[in-house]
Amino acid sequence: MMSPLFHKILGAVFFLLPYCSQGKPAALPSFSRFLGEAYKKFLPGFPALAGNGKEDPVSQLEHRISRLEGVLHLEKMITTAGGKIFATNGKKADFHATVKECQEAGGSIATPTNPSENDAILYFVKSYNTYAYLGIKESLIPSKFQFLDGTKLSYTNWHSKEPSGKGEEECVEMYTDGTWNDKRCNQNRLIVCQF
Ligand code: MMA
Ligand code: CA
């Protein structure tokens, strides 16, 4: 599961931790020298340290991550709400393929638990003008919906007269106004994941 490169980075992080907590960035060896050639595999074509190399490695990485986040936000691929990052690849899939794609990416299907998370998902539904499946399914009791792990919904945003399927519509989609509709699971909808 864990690649040798990941081990190396993890090793580097733990190696660097005491330096950071003591606030001695000046005494650090170069992070790129420590990683050796490994960073080239990490992001081919990118220098390990942009700029003059004076900043400590943690700041360098924070700066680099924030620039990557800027690019992904510009491309309408990520947005945040609270502690979650929501992401889309702009592709469409049915419910089961969406759950699988999100899992394989290390996340899970987007699941709104409050109005701000609902708005974050809505941002993609509007940008791509495409409904999205949510991480919510009908329970064994018809018209009673729950999170995929079986826990009770803490927040709902049903469209008026929904849910309407009474056992015939087990999945839930988000409309372009942010409200929810219970729906059969075999439609093509925008893939939105959370991380
Ligand atoms: C469709 C389907 C349902 C939804 C109704 C609303 C006709 O069925 O999308 O899930 O409840 O439209 O009119
Ligand atoms: Ca419905």
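In this text, all values refer to a predicted model and were calculated from it rather than measured experimentally.

**Structural notes on the side chain of Thr 98**
Here's step 1: Residue position: Thr 98 is located in helix α5 (residues 95-104).
Here's step 2: Contact partners of Thr 98, with chain neighbours within four places excluded, come to Ala 93, Ile 109 and Ile 191.

**Side note on the pattern of salt bridges**
Two side chains of opposite charge can pair, provided their charged atoms sit close to one another.
Here's step 1: The final tally for this structure, using the stated rule, is four salt bridges.
Here's step 2: Put simply, Lys 100 and Glu 104 hold a salt bridge, and the shortest N to O gap is 3.5 Å. Of this pair, Lys 100 and Glu 104 are both found in helix α5, four residues apart, which corresponds to roughly one turn of the helix.

**Focus on the site of ligand 1**
Here's step 1: In the neighbourhood of ligand 1, the contacting residues comprise Glu 162, Ser 164, Glu 169, Asn 181, Asp 182 and Lys 183.
Here's step 2: In the environment of ligand 1, an oxygen atom lies 2.5 Å from a nitrogen or oxygen atom belonging to the side chain of Glu 169.

**Points about the coordination of the calcium ion (ligand 2)**
Here's step 1: Donor atoms from the polypeptide that bind the calcium ion (ligand 2) are Glu 162 (OE), Ser 164 (OG), Glu 169 (OE), Asn 181 (OD1), Asp 182 (O) and Asp 182 (OD), placed at 2.2 to 2.7 Å.
Here's step 2: Coordination of the calcium ion (ligand 2) draws on donor residues from a single chain, spaced E-x1-S-x4-E-x11-N-D in sequence. Taken as a pair, Glu 169 in the loop between β5 (145-147) and β6 (171-174) and Asn 181 in strand β7 (residues 180-183) lie far apart in primary sequence, twelve residues in all. Asn 181 shares its class with Glu 169; the two are buried.

**Brief notes about the packing of aromatic side chains**
Here's step 1: Per the stated rule, a full pass over the model turns up six aromatic pairs.
Here's step 2: Ring pairing ties together the aromatic residues Phe 145, Tyr 155, Trp 158 and Trp 180, which thus form one cluster.

**What about the pairing of strand β2 (residues 84-93)?**
Here's step 1: Across four bridges, strand β1 (residues 78-81) lies against β2 in antiparallel orientation. When the sheet's bridge partners are listed, Ile 78 is paired in β2 with Ala 87.
Here's step 2: Adjacent in sequence and paired antiparallel, β1 and β2 are bridged by two residues, among which Gly 82 carries a positive phi angle near 55 degrees.

**Re the confidence of the model for the protein**
Here's step 1: Taken residue by residue, the protein gives an average pLDDT of 84. The fraction at 70 or more is 73%.
Here's step 2: Note on residues 8-31: pLDDT is under 50 here. Beyond four places in sequence and across chains, it has 21 contacts.

**Examining the state of the cysteines**
Each disulfide is one covalent bond, formed between the sulfur atoms of two cysteines.
Here's step 1: What the rule picks out here adds up to two disulfides.
Here's step 2: In this model Cys 171 forms its disulfide with Cys 185; the gap between the sulfur atoms is 2.0 Å. Here Cys 171 and Cys 185 share a disulfide; its torsion about the S-S bond, 100 degrees, makes the bridge right-handed. Taken together, the positions of Cys 171 in strand β6 and Cys 185 in the loop between β7 and β8 (189-194) put the pair 14 residues apart, joining distant regions of the chain. Take Cys 171 and Cys 185: they sit in the same class, and that class is buried.
Here's step 3: Taken N- to C-terminal, the disulfide-bonded cysteines of the protein are connected 1-4, 2-3.

**Looking at the side chain of Glu 162**
Here's step 1: Here Glu 162 is to be found in the loop between β5 and β6.
Here's step 2: One buried charged side chain, Glu 162, makes no salt bridge at all; its nearest oppositely charged neighbour is Lys 183, positioned 8.6 Å away.
Here's step 3: Ignoring sequence-local partners within four residues, the contact set of Glu 162 consists of Tyr 175, Trp 180, Asn 181 and Asp 182.

**Section: helix α4 (residues 57-74)**
Here's step 1: End to end, α4 covers 26 Å across 18 residues, agreeing with the expected 26 Å (1.5 Å per residue, within 8%).
Here's step 2: One or two positions beyond α4, positive phi appears at Lys 76, with a value near 55 degrees.

Here is what the cut-offs are and how they apply
Residues numbered from 1 in each chain as written. Chains lettered and ligands numbered in written order. Predicted model: local features only at pLDDT ≥ 70, side-chain atom pairs only at ≥ 80, totals over all residues. Heavy atoms only, no water. Helix = DSSP H or I, 4+ residues; strand = E, 2+ residues; numbered from the N terminus. Contact = heavy atoms within 4.5 Å. Salt bridge = Lys/Arg side-chain N within 4 Å of Asp/Glu carboxyl O. Near = heavy atom within 4 Å. Polar contact = N/O pair within 3.5 Å; in protein donor to acceptor, adjacent residues only side chain to side chain. Donors = N, O, S within 2.8 Å, 3.2 Å for Na, K, Ca; no water. Buried < 20%, exposed > 50% of the residue type's maximum accessible area, 1.4 Å probe, protein only. Phe/Tyr/Trp six-rings, centres within 6.5 Å; stacked < 30°, edge-to-face > 60°. Pairing = 2+ DSSP bridges. pLDDT = per-residue confidence, 0-100. Disulfide = S-S within 2.5 Å. Lys, Arg positive; Asp, Glu negative; His and termini not counted. Expected span 1.5 Å × (residues − 1).

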